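Single-letter residue listing:
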Amino acid sequence: MKIKYIGLVTLVLTFVACNEPEDVDLGPAATMVEVELPELTAGSADFSNYVSLGNSLTAGFTDGALFIAAQENSLPNILSTKFAMIGGGDFTQPLTNDNFGGLAAGGDRIQNPRLVFGGAGPVGLETVIGPVTVTTDIALNNPSGPFNNLGVPGAKSFHLLAPGYGNLGNVSLGLANPFFVRMTGTTPDASVLDLAVGQSPTFFSLWIGNNDVLGYATTGGDETNPLTPVSGVPGVGFDGSYGALIATLTAGGAQGVVANIPNVTSIPHFTTVPHNPLDPSNPDFGPLIPTLNGIFGQLNQVFAFLGVPERSIEFTNAAANEVVIRDETLTDLSAQIAGVLAASPTFPAFVESFGLPAQAAPLVAGLLGNTYGQTREATADDLFVLPSSSIIGEVNTDAVAALVAQGLSQELAGQFAVEGITLPLEDKWVLLPSEQEEIATATEAFNTIIAATASQAGLALVDANALLNDLANGGLTSGEFTLTSNLVTGSAFSLDGIHPTARGYALLANEFMKAIDATYGSNFEASGNMVNVGDYPTNYSPALQ
């Protein structure tokens, strides 16, 4: 049983077509008035030696990968071109070797190439152009530093302080980051902070903390990738890590700009896949609704008997249907469900309707109990990670093998192993309301720390959280372009649903310059030296190599 029904994008001809400026006829009475703008000045800021620290948002990560074109359009690189106009020096980045994206280690691929637009949504580059060789190899061809851009994809706040985080020998132990291995050169145990202060920066940007919540969120609230503690954990707590970063960076008199953390649940990685994607008009799903309702009808009677009718599962031909999920916050009723079914005098006949002997009733009762002990239909309050779109409606082969091993036929096992329909979606695909609240609470706490630390140090602060809220609620207009948080069509977010497009990074660069103006008396905005976001692309062609 294979069901295809999710179209992430249905009306897109190109990425840019929906976001081009409209021609406006100003009429015969319109006149052009020249306004003399002031000369660009740095104010009290010293941009002569600019160093940036952070994670993937600093590195220029986009479309699920790091590659040359994206790095050239990274946020700090865009800023450096503006800083260069008023005394800024060279800005060196650890450029990758190609525009495929991806990483290798000793010839073995450890990260896949970038995503591209496949006509209906994101697909891997190789599905469009065929196999490629990833040439950026952390064991064979790392570039030489020092590097002004020290953005490390995947880094959390405490990682920037960790010695050995860029040591190749630590990668296999899970103690090092392959992207940072490319930056450490002859000092493999130097921390990100070490490499930054070793350059004696006069000005820095720091945007860190997103991964302290994002890792937990993208894994559906997986406790093996927990939220960073706010405080109280030496070497890991966010307050201590962030305080140490700012104190060390500013100890030599460096100025800087920092940004806070958006509530990640508003990004398209979590808002694109609906909770009700099961379309009754789909020929692979609609005709099965009566059969599915017959199966779940038995289970729904048990839910009613156990006093939890709200867990009932029923599909309809009249509207889009919700997926079935496992909710770990629900009381586990596996044993009770199995017991009620096994005691039912009509259950053996139900089992026989599937071609199984009546004697298999206890086995089937146990299987149904274990499968649906913590399940319910999804609601609009549940968020689904973007990769779930590729598995909903698919047969889970591991689940099939497990069911066959317990005595079901291959065909019957397949029918009870359809993701989101007969097999509840696992927690890793779903961000439950309780998990969203945890993320919101942590984000608020981190942002309070960031704001207080920045204020005490006299640094410029970018409210990235407010910026994302604006993108998600109507969009932001810059010049002739309006950007929103919609995947593909919104122009702000790349195909991974997490990282900005080049145009999104340009929009961010403007916000950073506004914050610098407000704190240091520069006049990027007043002098007309903001970035024209229309000069930056919203997508990269599959042919870009």
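Because the structure is predicted, anything quoted here is derived from the model rather than measured.

## Re the overall build of the chain
In step 1: Helices and strands together make up the secondary structure of the chain, namely 19 helices and 15 strands.
In step 2: In summary, the chain has a C-alpha radius of gyration of 27 Å against a globular reference of 24 Å for 545 residues, a match within 12%.
In step 3: On the principal axes, the C-alpha backbone points of the chain span a range of 85 × 65 × 45 Å.
In step 4: With 545 residues in all, the chain has 53% of them scored as buried.

## Section: the pattern of salt bridges
In step 1: In the structure shown here, the tally under the stated rule is four salt bridges.
In step 2: Salt-bridge contacts for D382 lead to R376; the nearest nitrogen and oxygen are separated by 2.9 Å. There is no split in this pair, since D382 and R376 are both buried.
In step 3: For E511, the salt bridge goes to K514, with nearest N and O atoms at 3.3 Å. Remark: K514 and E511 occur in helix α19 (residues 502–520); sequence separation between them is three residues, near one turn of the helix.
In step 4: E511 gets classed as partly exposed once you look at its relative accessible area, which sits at 22%.
In step 5: K514 gets classed as partly exposed once you look at its relative accessible area, which sits at 33%.
In step 6: Here the salt bridges do not stand alone but share partners, grouping D327, R376 and D382 into one network.

## Concerning unusual backbone geometry
In step 1: Cis rather than trans, the peptide bond between G145 and P146 has omega equal to 5 degrees.
In step 2: Position of P146 relative to the elements: it lies in the loop between α4 (126–129) and β6 (149–151).
In step 3: Positive phi, close to 50 degrees, is recorded for S200, a residue that is not glycine.
In step 4: Tracing the chain through its elements places S200 in the loop between α7 (192–197) and β7 (203–207).
In step 5: When its relative accessible area of 53% is taken as the criterion, S200 is described as exposed.

## Quick word on the pairing of β7
Remark: a regular strand shows side chains that alternate across the two faces of the sheet.
In step 1: Judged by how many residues are buried, β7 sits mostly within the fold: five of five residues are covered.
In step 2: Covered by surrounding structure in β7 are F203, S205 and W207 together with F204 and L206, the residues of both alternating faces.
In step 3: Bridging between strand β1 (residues 50–54) and β7 involves five bridges; their strand directions are parallel. By the bridge assignment, S52 is partnered in β7 with S205.

## Looking at the sheet that holds β6
In step 1: The parallel open sheet is built from five strands, whose spatial order is β6-β1-β7-β8-β13. Every other strand in the sheet has two partners, leaving β6 and β13 (460–462) as the edge strands with one partner each. For this sheet the average axis-to-axis angle between neighbouring strands, irrespective of direction, equals 15 degrees.
In step 2: Together, β7, β8 (255–259) and β13 form the strand contacts of α19, whose direction differs from that of β13 by roughly 150 degrees.

## Some details on helix α11 (residues 289–305)
In step 1: Between the first and last C-alpha of α11 there are 24 Å, a value that for 17 residues agrees with the 24 Å anticipated at 1.5 Å per step.
In step 2: Within α11, the axis deviates most sharply at G297, by approximately 30 degrees.
In step 3: Inspection of α11 places I289, L292, I295, F296, L299, N300, V302 and F303 among the buried residues, and these make up the whole buried set.
In step 4: Just beyond α11, the residue with positive phi is G307, at close to 80 degrees.

## Some remarks on the confidence of the model for the chain
In step 1: Of all residues in the chain, 94% attain a pLDDT of 70 or more, and the chain-wide mean is 93.
In step 2: Contacts from residues 1–26, a stretch scored under 50 in pLDDT, to residues over four places away or in other chains number 58 contacts.

## Some details on the packing of aromatic side chains
In step 1: Enumeration according to the criterion identifies 21 aromatic pairs in this entry.
In step 2: When the ring of F61 is compared with that of F179, the centres are 6.1 Å apart and the planes differ by 80 degrees; the resulting orientation is edge-to-face. Of the two residues, F61 is situated in the loop between α1 (56–59) and α2 (68–72) and F179 in helix α6 (residues 178–184); the sequence distance between them amounts to 118 residues.
In step 3: On the accessibility criterion, F61 (8% relative accessible area) is buried.
In step 4: Assessed through its relative accessible area of 12%, F179 is described here as buried.
In step 5: With 6.0 Å between their ring centres and 35 degrees between their planes, Y165 and F180 make a pair best called tilted. On the criterion of sequence distance, the pair formed by Y165 in the loop between β6 and α5 (168–171) and F180 in helix α6 is long-range, its members being 15 residues apart.
In step 6: When its relative accessible area of 0% is taken as the criterion, F180 is described as buried.
In step 7: Through a chain of ring-to-ring contacts, the aromatic side chains of F47, Y50, F83, F91, F203, Y520 and F524 assemble into a single cluster.

## Focus on the pairing of β8
In step 1: Counting buried residues in β8 gives five out of five residues, a clear majority hidden from the surface.
In step 2: Burial along β8 is two-sided: the face carrying Q255, V257 and A259 and the face carrying G256 and V258 are both buried.
In step 3: Summarising the sheet, β7 and β8 pair through four bridges and their orientation is parallel. When the sheet's bridge partners are listed, F204 is paired in β8 with G256.
In step 4: Pairing geometry for β8 and β13, over three bridges, is parallel. Following the sheet pairing, V258 is matched in β13 by L461.

What counts, and where the lines are drawn
Residues numbered from 1 in each chain as written. Predicted model: local features only at pLDDT ≥ 70, side-chain atom pairs only at ≥ 80, totals over all residues. Heavy atoms only, no water. Helix = DSSP H or I, 4+ residues; strand = E, 2+ residues; numbered from the N terminus. Rg over C-alpha atoms; globule rule 2.2 N^0.38 Å. Buried < 20%, exposed > 50% of the residue type's maximum accessible area, 1.4 Å probe, protein only. Salt bridge = Lys/Arg side-chain N within 4 Å of Asp/Glu carboxyl O. Pairing = 2+ DSSP bridges. Axes fitted to C-alpha atoms, helices over the stretch in contact; angles between N-to-C directions. Contact = heavy atoms within 4.5 Å. Expected span 1.5 Å × (residues − 1). Bend = angle between axes of the 7 residues up to and from the residue. pLDDT = per-residue confidence, 0-100. Phe/Tyr/Trp six-rings, centres within 6.5 Å; stacked < 30°, edge-to-face > 60°.

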